Amino acid sequence: MYRFLLTPRWWGINVFVILAIPFCIFMGSWQLGRFEDRVQTHEDASTRAASNRQEAPRPLAELLPVDQATVGKRTTARGRYDKQLLVPDRTLDDRTGFYVLTLLRTDGGRALPVVRGWLPGAPDPAKAPAPPAGEVTVTGSLQAAETPGENGASARSGWPAGQTGVISAASLVNLVPYDVYDASVTLDRGDAGMRAVPVSEPQNTGLDLKAFQNLGYTAEWFAFVGFVVFMWFRLLRREAELARDAELGLLPADEATETAAAGATAEKEPAREPAGAAD
């Protein structure tokens, strides 16, 4: 009754199943590994953030350039406050407000963007406290330059005078006549009564959309394994029922002939005429 398994059609089906199942298992395992890597990276970043809060601040020069190993670490810098800007559309505790960003002119001549704090409401220069005069020492957490459209940074352009949507050297260098560090510092404590800005997590280290996409792809690949096995058994059962009905004479003449021919083909391959025999 199962002689149809030796037909060319079923040879093709069986080869496809034999190749598809391990391929799907491999791809599902690979996607699961990617998800686990992202989970581990997220845990490492959380552990590192907790450790950074306990560390003593280090000079800015020792932590540059900013990377995943140094972002979030406490640093200290000395200089004089210069130009002040407002960074609108920044959310804190589900409330919309703005950052007060002041450039600190360091002894090296370059300016360090310092986020002195956050205030609620629309950006208003009258609300922003003036920076301290004279030479100051700031202590806070080192942050990487922002990318438009990510981590709360706005992707729009054409901000009013005295405002910027992105904290980065690329955006600030056009607003001041001196070089700017491609990094920033958020103060440990908000200046002049403003709320301190929490440290932003480095990009691509959390359980973001990409991580859950990996988990979804894992489920899809393993589900496809089940689908392939299910369809193979369904086709096998259908063919077996047709073969049994043919043996019992329950099929119409045309279907019985096709089924019998398939069985005969499985038992013995018919001889082929040599090329040109018909001539």
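The text that follows walks through the structure, step by step, so that each part is easy to find. In this text the structure is predicted, and so the values were computed from the model without any measurement.

## Section: the packing of aromatic side chains
Next, step 1: One pass over the structure, following the stated rule, counts five aromatic pairs.
Next, step 2: Look at Phe-35 and Phe-212: their rings are 6.3 Å apart centre to centre, the planes differ by 55°, and that puts the pair in the tilted class. Here Phe-35, found in helix 1 (residues 8-54), pairs with Phe-212, found in helix 4 (residues 209-248); they are 177 residues apart in sequence, far enough to count as distant.
Next, step 3: Ring centres of Trp-232 and Phe-233 lie 5.0 Å apart, and the angle between their planes is 85°; on these two criteria the pair is classed as edge-to-face.
Next, step 4: Taking the ring centre of Tyr-81 as reference, the NZ or CZ of Arg-116 above it sits at 5.8 Å.

## Here we look at the pattern of salt bridges
Next, step 1: Tallied over the full model, the rule gives eight salt bridges.
Next, step 2: Glu-62 is the partner of Arg-58 in a salt bridge, and the nearest nitrogen-oxygen pair spans 3.4 Å.
Next, step 3: A residue is classified by how much of its surface remains accessible, and Arg-58, at 32% relative accessible area, is partly exposed.
Next, step 4: The partner of Asp-188 in a salt bridge is Arg-74, with the nearest N and O atoms 2.7 Å apart. With Asp-188 in the loop between strand 6 (183-187) and helix 4 and Arg-74 in strand 2 (residues 74-92), this pair connects stretches of sequence that are 114 residues apart.
Next, step 5: Accessibility expressed as a relative area gives 35% for Asp-188, which makes it partly exposed.

## Side note on helix 4
Residues lying three or four places apart along an α-helix face the same way, a consequence of the helix completing one turn every 3.6 residues.
Next, step 1: The terminal C-alpha atoms of helix 4 lie 58 Å apart, and with 40 residues this matches the ideal 58 Å at 1.5 Å per residue to within 8%.
Next, step 2: Residues of helix 4 that are buried include every one of Ala-211, Asn-214, Thr-218, Val-225, Val-228, Leu-236, Glu-239, Ala-240, Ala-243 and Asp-245, and no others.

## Concerning the environment of Gln-31
Next, step 1: Tracing the backbone shows Gln-31 in helix 1.
Next, step 2: Under the relative-accessibility criterion, Gln-31 is labelled buried at 8%.
Next, step 3: Beyond its immediate sequence surroundings of up to four residues, Gln-31 is in contact with Asn-214, Tyr-217, Thr-218 and Trp-221.
Next, step 4: There is a polar contact of 2.9 Å between the side chain of Gln-31 and the side chain of Asn-214.

About the cut-offs
Residues numbered from 1 in each chain as written. Predicted model: local features only at pLDDT ≥ 70, side-chain atom pairs only at ≥ 80, totals over all residues. Heavy atoms only, no water. Phe/Tyr/Trp six-rings, centres within 6.5 Å; stacked < 30°, edge-to-face > 60°. Helix = DSSP H or I, 4+ residues; strand = E, 2+ residues; numbered from the N terminus. Lys NZ or Arg CZ within 6 Å of the ring centre and 35° of its normal. Salt bridge = Lys/Arg side-chain N within 4 Å of Asp/Glu carboxyl O. Buried < 20%, exposed > 50% of the residue type's maximum accessible area, 1.4 Å probe, protein only. Expected span 1.5 Å × (residues − 1). Contact = heavy atoms within 4.5 Å. Polar contact = N/O pair within 3.5 Å; in protein donor to acceptor, adjacent residues only side chain to side chain.

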